Amino acid sequence: MRHDFFDILIREGFESLLLSFAPTPIEMQSISDAYGLVLGEDILSPENLPPANRSCMDGYAVHARDVFGATESNPAYLEQCAQLRVDEAPNFTLKKGDCAAIPTGGTLPDGADAVVMVEHTQELGAGTIEIRKSSTPGEHSMLKGEDAANGEKIYEAGHSVRFQDVGLLAALGIGSVKTHRKPRIGIISTGDELVEIEAPPRVGTIRDVNSHTLRCLVSKAGGIPVNYGIVPDKLQKLESTLAKAIAENDLILLSGGSSVGMRDLTVRAIEAMADSEILAHGVAISPGKPTILGKAGSKPVLGLPGQVTSVQIVMLSIVMPFIRHLMGQRNSFDCRDRPILLAELERNTPSKQGREDYVRVKLKHRKGNIPLAEPIYGKSGLLKTMIQADGLMIIPSDMEGSYAGEQIQVWLI
Ligand code: AMP
Ligand code: MG
């Protein structure tokens, strides 16, 4: 049986179908395991951080107005009323004309609104401190609630937890948060010619590359890869493996058999699943056109190209942001999460209109200038272009290419 591609969708059209799938359920997670996961709740600060004004420096806590205008040649003179420890909660109010010695991190007494660094002071004896530098309110001090004010919304649901966020949560005493569960992602390689990587080389066989690259990229996106090995181009076997993978995972990735040839069985295997539907077959990106989106019940099933480079591009451009969506991340298809570098295109790079082109580029770093980006051409069945590439340059579908000398954005991979 042979069929044609359905209407080829533009990438944005394909993505809007993907966005209709619901993210994974929410569960409590300790902050030590929340790194890289996505918040399933807004978080309000339960307290002020810092809880009181604190010093950023070793020096003297002062009333800024007492030392305003002080210089080396025209110092101010204050009386030291206390020597504060770092763990002390001062129980007095700083009087006008007084100062208190304070260490870095120490809590300012009431009334004090600035700290003068010890380097700009001199002890004159008998408790008198010479201040040789002017100060302004808030100087060298962290104000109460400056990191987070009591009740302030510090995170919105959909935010991906970064290491610095774990630090803030720890500082606020928030030991666990609600996050979306890591999605389990089933990976199936298909093709009569495929063999395990341990197999001795023989003309006519190909070692299974995609199971391994997909595993890496699923982990990189934050999912849990679950490999189902190699399935030959036999519909029954493909159907039984797919059914098992659907039962055990949140998303299923099949590679190979996604085009419209005689042995391309992915569409038929998806159609054979209970409560299934093919939502799209074909996306206007290059490489990567033979990509299928189907669903079985509520589970998404993606049929990816077999070509080793094409499948890597589809993973980077579409599947990894989709995994982030399943993990609960808002706007996961936006460019903002992709590290992008500005570079100068080294050579004219033609591109066919009507499809979004993912040109592999190699960066050549230069002193005092943005890097040069050399486009790398090659067939999508070879691994070489991705091996040589440092990044991708995306040429929109309505353009016929880019010219040498143009500044381009390189999406680092
Ligand atoms: P297909 O889409 O099944 O026609 O496959 C396209 C090309 O990709 C064929 O040359 C396949 O041998 C190759 N291919 C498919 N799956 C894999 C895989 N898992 N590892 C390496 N090459 C593959
Ligand atoms: Mg095949």
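Residues numbered from 1 in each chain as written. Chains lettered and ligands numbered in written order. Predicted model: local features only at pLDDT ≥ 70, side-chain atom pairs only at ≥ 80, totals over all residues. Heavy atoms only, no water.

A.B. asks: Break down the site of ligand 1 for me, citing the residues and quoting the values.
C.D. replies: Within the structure, ligand 1 sits among 14 residues, and E193, D208, V209, G257 and G306 are positioned closest to it. In the environment of ligand 1, a nitrogen atom lies 3.4 Å from a nitrogen or oxygen atom belonging to the side chain of S189. When ligand 1 sits alone it has 490 Å² of accessible area, and the protein chains cover 78% of it. Judged by the fraction of its atoms near the pocket grid, ligand 1 is located in the second largest pocket. Going through the elements one at a time, β13 (184-190) and β15 (206-207) are the ones with two or more residues in the shell around ligand 1. For the shell around ligand 1, the residue count by class is 4 nonpolar, 7 polar and 3 charged. (Near = heavy atom within 4 Å. Polar contact = N/O pair within 3.5 Å; in protein donor to acceptor, adjacent residues only side chain to side chain. Areas by Shrake-Rupley, 256 points an atom, 1.4 Å probe, with all protein chains shown as cover. 1 Å grid on protein atoms, 1.4 Å probe; cavity = no way out; pocket = protein on both sides within 12 Å on 5 of 7 lines; lining within 4 Å. Sits in = over half its atoms within 2 Å of the grid points. Helix = DSSP H or I, 4+ residues; strand = E, 2+ residues; numbered from the N terminus. Nonpolar A, V, L, I, M, F, W, Y, C, P; charged D, E, K, R; others polar.)

A.B. asks: Could you give me a rundown of the domain arrangement of the protein chain, with the residues and numbers involved?
C.D. replies: Split by domain assignment, the protein chain resolves into domain 1 (26-46 + 146-180), domain 2 (54-142), domain 3 (184-335) and domain 4 (339-412). Its C-alpha centre places domain 3 at a distance of 26 Å from the equivalent point of domain 4. In this complex, domain 3 contributes 14 residues to the contact, which on the side of domain 4 involves 15 residues. Here domain 3 is connected to domain 4 by 7 residue pairs in polar contact (both at pLDDT 80 or more). Elements that contribute at least two residues to the side of domain 3 that touches domain 4 include exactly β19 (285-286) and α7 (308-326). Counting residues per element, the side of domain 3 that touches domain 4 draws most heavily on α7, which supplies 7 residues. When grouped by side-chain class, the residues that make up the side of domain 3 that touches domain 4 number 8 nonpolar, 6 polar and no charged. (Domains from an automatic or database assignment. Contact = heavy atoms within 4.5 Å.)

A.B. asks: Give a detailed account of the sheet that holds strand β4 (residues 59-62), specifying residues and quantitative values.
C.D. replies: Read across the sheet, 6 strands follow the order β7-β4-β6-β5-β9-β8 without closing on themselves; strand pairing throughout is mixed. Since the sheet does not close on itself, it has two edges, and those belong to β7 (114-117) and β8 (121-125), each with one partner. Neighbour to neighbour, the strand axes of the sheet diverge by 40° on average, direction disregarded. Where β8 lies against strand β9 (residues 128-131), 4 bridges are found, and the strand directions are antiparallel. Within β9, the residue paired with T121 across the bridge is I131. (Pairing = 2+ DSSP bridges. Axes fitted to C-alpha atoms, helices over the stretch in contact; angles between N-to-C directions.)

A.B. asks: An account of the pattern of salt bridges is requested, with residue identities and associated values reported.
C.D. replies: Enumeration over the complete set of coordinates arrives at 20 salt bridges. When the shortest N-O distance is used, the salt bridge between R11 and E15 registers 2.7 Å. With R11 and E15 both in helix α1 (residues 11-18), this residue pair falls 4 residues apart, about one helical turn. The residues R11 and E15 share a single accessibility class, namely buried. In this structure, K153 and D42 form a salt bridge, with 3.6 Å as the shortest nitrogen-oxygen distance. Note that K153 is positioned in strand β11 (residues 153-155) and D42 in the loop between β1 (26-30) and β2 (43-44), a separation of 111 residues in sequence. By relative accessible area, which is 42% here, K153 ends up partly exposed. Residue D42 is classed as partly exposed on the basis of its relative accessible area of 39%. It is possible to trace a salt-bridge network through shared partners that takes in R11, E12, E15 and E356. (Salt bridge = Lys/Arg side-chain N within 4 Å of Asp/Glu carboxyl O. Buried < 20%, exposed > 50% of the residue type's maximum accessible area, 1.4 Å probe, protein only.)

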